[in-house]
Amino acid sequence: MEISQQLLLFHFYLIILYLTPPLWAISISDATSLFSCPAELSTPTLLPSFTGGKVVIHPTSSHGDLCILSRVDRDTTKKVYIPIARSYDGYDWHRVRGKYITQVATTCGNVTRENRLDIAHGIRTCEITVPQLVDGNAGYYLTSWEEKNVTNRRIAARFLERATWGGTWNEIVTLETKVASLGIGALALWVKEQQAMDPSSHRKFFRERLNPRTVESYQYGVPGPKACEINARFRRFAFTAKDMELSQGANGNVFGSNGLPFTPLKVETIQLGAKRVWVVKFGDNVRTVLSNPLMYKENGVNVTVPDGDHTICHVEEVVGDRMGDIPFSYDGVQLQLLLGDDRCTSSFTDRGGVDDGKGDGAVGDEAVVDNNLARFEDRSVCKTKCADANKVKLILGGNLEVKVPSGFDMSTLSWIDLSSLDDTEIININADRTHDSSWLLQKSLETCKDQNGDEFLDPAGLSAYDYSSMGRGKYNPDKPIFAKLPVQSTSSLDGGGATMKAAARNLTSENVEKGNHLVVRCSNAQRNIFNEKQCRISYDDNACTSVPWDENGKSKMYDPQGLQEMIDKYLPAYAGHEGVVICGSPNEVEPIPEEEDHFDLTNRKLEPTSISYHSQKTTVFVEVVLGATDQLCQRLAFGLSKIFATSTKTNTDHANTETNIAVYDQFVTSCFSTYKDVMKKEMSQQLTFLHSKSVASDWHKENKLAFPDENYARENLQLHSIGLVKLNQDGTPVLDSDGNHVNNYEQKHIFSAAKVWTGLTESFRRGNVEELNRVTGSFLDPLQIGDVNDRDWFPKIKTGGGYIGDKFPLCSDLPERHFLKKGASFRLLGGSSIPISHQDPLIWEGDQEIQRMRLSRDSSLYKKLCNPTNVPSPVSTLIAGTGIAQYDSTVMAPFCEGSSSSCDSVNLLDGRLAEVNRPNTIDGCSDGQDLTAEYNESVKRIVVSSVGGGDLRGGDNVKVQATVNSFHNQDRVDFYYTSNVTSPDWIYITTVAPTAGESILTVPYKRYPDIMFTLPKCQSASGCRHSVRVVLRSSRNPLKPSQSAKRSDSYNKPNSNCPSAPFDDVDDIVFECKGKECIVSTVRVVEVLPGVFYEYLQRPCVYLPFYNDAVKVFAGFDSWNNKLNMCANKLLPSARSTCCGTYSDRDLFTPRWVGEVEWADVLSEYRGERLTFAQNKGRCEDWGRSMSVALTSTPREEHGCGHQATVIFRISFLQHYTLNHADLTDFQGLIAIIHVPERNFTAWDWDEHHPEVLGNVHQTKTVSFFYVDWNSGNVAAGKKPFPHISDNGCMGGILSADTCVCDTKVVTTAVFDSTPTREMVLRSLHIGAFDPLEMFDNEYLTFAVNELDDGVSVYRKVGYATFSEHTIFRIKQGNADIFLKNMEQQVSVCGGAFSFRNSPTFFDIADPQLLSAYHETDAYLDYVDGHDNTPPFVCNLLIQHFGISNPSPDHVLDCSTAYKSGLFTWTDPTGNSEAISFGSGSRGDLRAISASILLNNDSLSVTLDSDPTFGGVKGKE
């Protein structure tokens, strides 16, 4: 096909697309004016006599036509045409962004009736409504354009200009050919192919080319190979750029005379036999020996450089004066010197300073002149000298070659002869750029000794050995640094420990600064929720880690040499010894040795001013975006980076290249993930105010009132997500009744949102990444939440009403032992017992006396977590933990050894007459004695299984299945259980009527679904044994065996668990639960194997901070060691177990006041165990003790006992905050929670002791105020809906200082009494729920199921009405199920005068944990990502960054739709090609979003290039 034919075909495709609009109808109103687009092109034509209202204009008729309706407000010489609407390429009229867009409407369709405009029936037209002109307005104009010069090449080039960083000629021609063949489908396929590519990492590009010449120690880097090892690098030029910096006074290294500030280039003339040679040194080290002197030209005459010390002003790192094969056009620029008296020197010692040899510029070590360190002053003088052309001498021939003439005493040099190696053993690095200046060994030499037989030392001593001269044909070594941190599953993972061990220096002086002996640092990154995908478990002997703080506040460090150092310079506080979790970061690759030294690193000991570190970032960016094949990703990443408030200086580490590149790399590596992922990664590295704390943190610790910083909270809302004003989904602004924009948020929302970002701080500093030596935290690794006490624990509000915790399930609804339910998550901690998402004392780490939650090897949880291989076979015939029973002669019945989710007798009971080991009962109960073969009624099989799927254990619901062979339907089958296998006390369950013949019977029985069989709780830490008995009572008549007869022992509940009729059968089965998980209700950290730990991660859920019937708990001690109390919810496991008993009960000495005082005893199954009030009560009863006055949430083991406390909840209502002496009235209506527990006890008759209330909930000490949604329905007009001193006199409350204090009462009601619609559920229900069928064992019954998208399913809780407050509704949202509870909780305040909906928070205020902070952060990001305003706001910005600066509402709407659904489908207008889908279906999918932007009609139309209001790629100014 000819190109012209292909082009016509493509245009035909477009015509079909654009001229086949929807066929809806339009009715033309009588008041409408009719106008046509003018024939004259590019000239605005006034619509005569039209002043606004409705106007009819036909759409453009063909492809390439463009017509624009605009308005001119002022008739001036230079008219401003404000766009109103446009039609192009035969499309209908659509609104265009401009001043009047919210007042414009368009309606298009086929005319359906006669009209005064005489538009024929069936004609396609559009009616446009525009605002009226006012006095002084010039009028409305129509302007026509025509675009006919459309070629396939232009289409391809135009598309690539928008979608890439500029198409290359080959890319344009290739796409042109595909367009000619496939039409615009070629563009859709191009997008699909681009989205399938792996992102080209900027950080990876930088690190692969990071081979700098090192003259100083990088504690964060890894020294390269020894001089004789593979990949060792060598150079033939004598001087480097860093020599120049040192020569001009840059800070140098502590070791050796070489490398100190103002190190000179030295020239010495010596006699070598009969000839003279010139030795050139740097400091005291020989660099080269010349047969001819150094020369410079002056006044046209060559002049010899005199012997002595000189300063290097400039040097090029090449041999001679050539760059590759090209000579420099300006001779001598490669080496510039200040000679003799003009050279740079340091005068600081003459000014009273003391040179300590470190060159670190420390005040006190060097003189201060005019408030400036003398060294830096001298350096500035030197820079000025080097800029003086009259002083600088240009050395002829450029940078010197490293060579030594024959006869020179080589024994004075450390050198290696490489002249005999061929090109398979040594290669020229990047020869096209650096001539023959740099070389790389391709194999290791036999020994790492120089030609004098002296061994080259380890590269740890970098500064001492880097500048050794090598002789003719031999080269100075360059040391590459950095080794790849393995993050994949390999056999050897050490986190850099082996390298650290190899590089450790031997200390030679007691006065060496502590820590300087660590040449490099361990590479193990601090682990948190943001980098878990880069973590692996390692058992490498060299794996480096740390252990907790000792009693002196220092960290006992572990590394292969047993060195010690402060923890903040080294490793995470929670790593362990018995298996180390090694973490890295994305694209943390090693350098490619064959690459030349493209990039350099910052280091405080040598900061070369000749290297522009900011330019390095620019270089990386330009090289990657112009050269990468994943052009769409690169373009999209740039657009994302422009949305977020990031820059190369955001993290204050502006001189650092890798850190800042890594920040930008987050956008690259996330280019096709979801927008929420981008927000989360950006937040994890670029929070613009670190160390922000809750107001309570500083107030209670330091008595300092400081509010959380609001900067990032504003950025996140204003710049990253929802924007300032409310938008429609097409990006047009929402207006109020007065025509004004509607704000998205107020100051109170910023005040609340700022609390979400409290507690975040840097991860610990580590090795293997570029970091400034002067910092202790990492600017590269993700942030962490270090101390939960720095976090704000209280509810946060949404911008549109409600709370961030809305629609999350209640933590109080979690079933007992939820850690064993389907979907439970555990995090491997390796050898550390210190959790990441909980806050346990660091002193517990490594303490063998700390009681651990250790798993039994027989438990199912152990098998799930450990998944052991090569388990030895059991020593007996018992099959432990499999759930398959074997006969056990001790219990005389089938027995399942070990913990399992079921126990099955299989065939051990088959047949009453033939069963093996009859009677198979634990108490010797016999079967019926009639042995007639044909009369064989029997219990054939018993299966006991856990309803919830976990191990069979006390306290859980179980199901019993009995397979029986019965005689008649008058037979009965009885079920019993006992938890005392030794002396059974059988407990009756139920009786079931079987059918005649063989049948399977189930408990709970299907006729009685509410009958539950619950195993009693186990009280023994070693585990418990249970037994189930099944009795078949036959109705066979003993006198007439072929007939049935009514039994005398009742058809229903039996008279005996061991009947004696001749045809009866009785069988038992025994099973056990082993391990502590049989007893405990909650877990935090579990020890699977000795020294191997897992952390349980509770599902996201929320707490309601107001509740009735609270209990008192101990909350630790204040700074004076006084006890603190607070309140807790009885339903939550918020505190440790505390029971009461006398001293004699504890076998301790008896104090003189014994009998007067009881003392608490903490009875925990593991250190840190939490229990609910009811669980604690059961624990105390099991131990024969009474309840304590309060549970404890602290590690203390003794507390006073007394009567149960009555707790009063109160609220303090803040009238206003006073900040900087300014009253902020926006803060009215804030509340703080006050706990008022009863007095504790009297310790001595003469001294009453009343524990203090925790400051966070103390009436006069709390500063933890937050917003709630007050109900205003019952408030009089003009009155405030909350207690207020002047407005309502604290109605029903107490006036205290400048606040109202009120008691509270929680009222719980059911919301619906019948099945609601989906919309009603979403609007009225705010409390979430867990999946009732997965999380609860037979506690819920399905009432109604509706699987439609708009359907509502209903689940009733057993024992309650169908629509109680416990009822759960399920609705669908996309691919997910949402469960909501039919419950509303109102907090009644001040005797019912005011109320608000109970405000959920992610924190249990009585027991806050780090995991809650992470859940809250994620929930907040979900909220802003799910906000209605986020799709149009983000889409508008991204469309602009793809080159359309004024996107149309239709374009934004298409993008918003793709954002919300996570899907975009391109369809071929001809129908000849299959549709192409983009996206995963996840909200904010950037594949769908980018495709919707690039493949939208506005983007594809070449015609719109003629529209001056369309906007486009910014051109050259």
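Structure shown above.
Anyway, here's the lowdown on the structure attached to this text. On a predicted model such as this, the values are computed, not experimentally measured, just so you know. (Residues numbered from 1 in each chain as written. Predicted model: local features only at pLDDT ≥ 70, side-chain atom pairs only at ≥ 80, totals over all residues. Heavy atoms only, no water.)

On to the overall build of the chain, then. Looking only at helices and strands, the chain features 27 helices and 71 strands. When each of the 1517 residues of the chain is scored for burial, the buried share is 55%. Of the contacts formed within the chain by residues at least 6 apart in sequence, a portion of 72% connects residues at least 24 apart. Per element, the accessible surface of the chain, about 62,700 Å² overall, is 49% carbon and sulfur. (Helix = DSSP H or I, 4+ residues; strand = E, 2+ residues; numbered from the N terminus. Buried < 20%, exposed > 50% of the residue type's maximum accessible area, 1.4 Å probe, protein only. Contact = heavy atoms within 4.5 Å. Areas by Shrake-Rupley, 256 points an atom, 1.4 Å probe, with all protein chains shown as cover.)

Turning next to the packing of aromatic side chains. For the coordinates displayed, the defined rule picks out 34 aromatic pairs. A centroid spacing of 6.4 Å and a plane angle of 70° characterise the contact between Phe239 and Phe282, whose relative ring orientation is edge-to-face. Here Phe239 is found in the loop between β11 (233–235) and α6 (241–247), whereas its partner Phe282 is found in strand β13 (residues 275–282), with 43 residues between them in sequence. Using a relative accessible area of 0% as the deciding quantity, one classes Phe282 as buried. Pairing Tyr712 with Trp757 gives two aromatic rings, centres 5.0 Å apart and planes at 85°, and the pair type is edge-to-face. Of the two residues, Tyr712 is situated in helix α16 (residues 711–721) and Trp757 in the loop between α17 (747–753) and β31 (760–761); the sequence distance between them amounts to 45 residues. Taken as a pair, Tyr712 and Trp757 share a single burial class, namely buried. (Phe/Tyr/Trp six-rings, centres within 6.5 Å; stacked < 30°, edge-to-face > 60°.)

This part covers the pairing of strand β67 (residues 1376–1381). Of the strand pairs in this sheet, strand β66 (residues 1368–1373) and β67 are connected by six bridges, and their pairing is antiparallel. Of the residues in β67, the one forming a bridge with Ile1371 is Ile1378. What sits between β66 and β67 in their antiparallel hairpin is a turn of two residues, with Gly1374 showing a positive phi close to 70°. (Pairing = 2+ DSSP bridges.)

The subject of this paragraph is helix α4 (residues 185–195). Burial runs high along α4: eight of the 11 residues are buried. The set of residues buried in α4 consists of Gly185, Ala186, Leu187, Ala188, Trp190, Val191, Gln194 and Gln195.

Let us look at the sheet that holds strand β45 (residues 1024–1033). Spatially, the six strands line up as an open sheet ordered β37-β38-β46-β45-β42-β43, and their pairing is mixed. Taken across any chain shown, the strands that pair with only one partner, and hence form the sheet edges, are β37 (886–888) and β43 (987–992). The mean angle between the axes of side-by-side strands here comes to 30°, regardless of whether they run parallel or antiparallel. Sheet topology places strand β42 (residues 972–978) next to β43; five bridges connect them, and they run antiparallel. (Axes fitted to C-alpha atoms, helices over the stretch in contact; angles between N-to-C directions.)

Read across the open sheet, the four strands follow the order β64-β65-β66-β67; overall the sheet is antiparallel. Two strands in the sheet have a free side with no partner beyond their single neighbour: β64 (1340–1344) and β67. The sheet shows a mean angle of 30° between the axes of neighbouring strands, direction not considered.

Keep in mind that most residues, glycine aside, have a negative phi and that most peptide bonds are trans. A cis amide bond, omega 15°, links Arg918 with the succeeding residue Pro919. Although it is not a glycine, Asp89 sits at a positive phi angle of roughly 55°. Within the fold, Asp89 resides in the loop between β6 (81–88) and β7 (94–95). Its identity as a non-glycine residue notwithstanding, Cys1390 has a phi of 55°, on the positive side. The topology assignment puts Cys1390 in the loop between β68 (1383–1389) and β69 (1394–1397). Since its relative accessible area comes to 4%, Cys1390 is described here as buried.

With that out of the way, let us pick up the pattern of salt bridges. With the rule as written, the count across this model stands at 63 salt bridges. In this structure, Glu176 and Arg153 form a salt bridge, with 3.0 Å as the shortest nitrogen-oxygen distance. Of this pair, Glu176 sits in helix α3 (residues 169–182) while Arg153 sits in helix α2 (residues 152–163), placing them 23 residues apart in sequence. Taking relative accessible area as the criterion, Glu176 reaches 15% and is therefore assigned buried. For Arg153, a relative accessible area of 35% translates into the label partly exposed. Close ionic contact of Glu1416 with Lys796 constitutes a salt bridge, the shortest N to O distance being 2.8 Å. Of the two residues, Glu1416 is situated in helix α23 (residues 1410–1426) and Lys796 in the loop between β34 (784–785) and β35 (825–830); the sequence distance between them amounts to 620 residues. Like Lys796, Glu1416 is buried. (Salt bridge = Lys/Arg side-chain N within 4 Å of Asp/Glu carboxyl O.)

To continue, consider the nonpolar core. Ranked by internal contacts, the top residues of the largest apolar core, which has 134 residues, are Phe159, Val191, Trp757, Tyr1420 and Leu1495. The leading source of residues in this core is α23, at eight residues. Setting aside residues no more than four positions away along its own chain, Tyr1420 makes contact with Asn716, Leu717, Ala753, Val756, Trp757 and Ile804. Within the second largest apolar cluster, 26 residues are counted, among which are Leu908, Leu952, Val958 and Leu1015. (Core = buried A, V, L, I, M, F, W, Y, C linked by side-chain atoms within 4.5 Å.)

The geometry of α2 relative to helix α12 (residues 631–643) is characterised by a closest axis approach of 9 Å and an angle of 50° between their N-to-C directions. Classified by the angle between their axes, α2 and α12 sit oblique to one another. Between α2 and α12, the residues in contact are Glu161, Arg162 and Ala163 and Gln631, Leu632 and Arg635, respectively. Here the residues of the contact of α2 with α12 sort into two nonpolar, one polar and three charged. (Parallel < 35°, antiparallel > 145°, perpendicular 65-115°, else oblique. Nonpolar A, V, L, I, M, F, W, Y, C, P; charged D, E, K, R; others polar.)

Turning to its location among the elements, Asp971 is positioned in the loop between β41 (958–966) and β42. For the buried Asp971, no salt bridge exists, and the shortest N-O distance to an oppositely charged side chain is 6.9 Å, to Arg972. Side-chain polar atoms of Asp971 contact the backbone nitrogen of Phe967, separated by 2.6 Å. Those residues in contact with Asp971 that sit more than four places away from it in its chain are Glu937, Ser966, Val992, Ala993, Pro994, Leu1032, Arg1033, Ser1034, Ser1035 and Arg1036. (Lys, Arg positive; Asp, Glu negative; His and termini not counted. Polar contact = N/O pair within 3.5 Å; in protein donor to acceptor, adjacent residues only side chain to side chain.)

Following the sequence through the fold, Asp1067 ends up in strand β46 (residues 1065–1073). Taking relative accessible area as the criterion, Asp1067 reaches 0% and is therefore assigned buried. For Asp1067, the contacting residues outside a window of four places in its chain are Leu909, Glu915, Pro919, Asn920, Thr921, Val939, Ile942, Val1028, Arg1029 and Val1030.

With that out of the way, let us pick up the state of the cysteines. Taken as a whole, this structure holds 12 disulfides when the rule is applied. Between the sulfur atoms of Cys37 and its disulfide mate Cys67 the distance is 2.0 Å. Across the disulfide from Cys37 to Cys67, rotation about the S-S bond amounts to roughly -110°, and the bridge is consequently left-handed. Residue Cys37 is located in the loop between β2 (33–35) and β3 (45–46), and its partner Cys67 is located in strand β5 (residues 65–72); the two are separated by 30 residues in the primary sequence. Its relative accessible area of 26% is what places Cys37 among the partly exposed residues. The class of Cys67 is buried, set by a relative accessible area of 1%. Covalently, Cys925 is tied to Cys1058 through a disulfide, its sulfur atoms 1.8 Å apart. (Disulfide = S-S within 2.5 Å.)

As a further point, take the side chain of Asn1446. Among the secondary structure elements, Asn1446 is positioned in the loop between α24 (1430–1441) and α25 (1449–1461). Those residues in contact with Asn1446 that lie beyond four places of it in its chain are Val96, Arg97, Thr1509, Phe1510 and Gly1511.

Direction of pairing for strand β12 (residues 265–272) relative to strand β17 (residues 308–315): antiparallel, over a ladder of three bridges. Residue pairing across strands places Leu265 opposite His310, the latter belonging to β17. Pairing of β17 with strand β20 (residues 335–338) involves four bridges; the strand directions are antiparallel. Counted as the bridge partner of His314 is Gln336 from β20.

Packing of α24 against α25 brings their axes to within 8 Å, and their N-to-C directions diverge by 120°. Overall, the two elements α24 and α25 adopt an arrangement that is oblique. In this structure, the crossing between α24 and α25 has a hand that is right-handed. Here Thr1430, Pro1431, Pro1432, Val1434, Cys1435, Asn1436 and Ile1439 of α24 lie close against α25, whose contacting residues are His1451, Val1452, Cys1455, Ser1456, Tyr1459 and Lys1460. Taken together, the residues of the contact of α24 with α25 sort by class into eight nonpolar, four polar and one charged. (Left-handed = near helix turned anticlockwise from the far one by under 90°.)

Function cannot be read off these values alone, since they describe shape.
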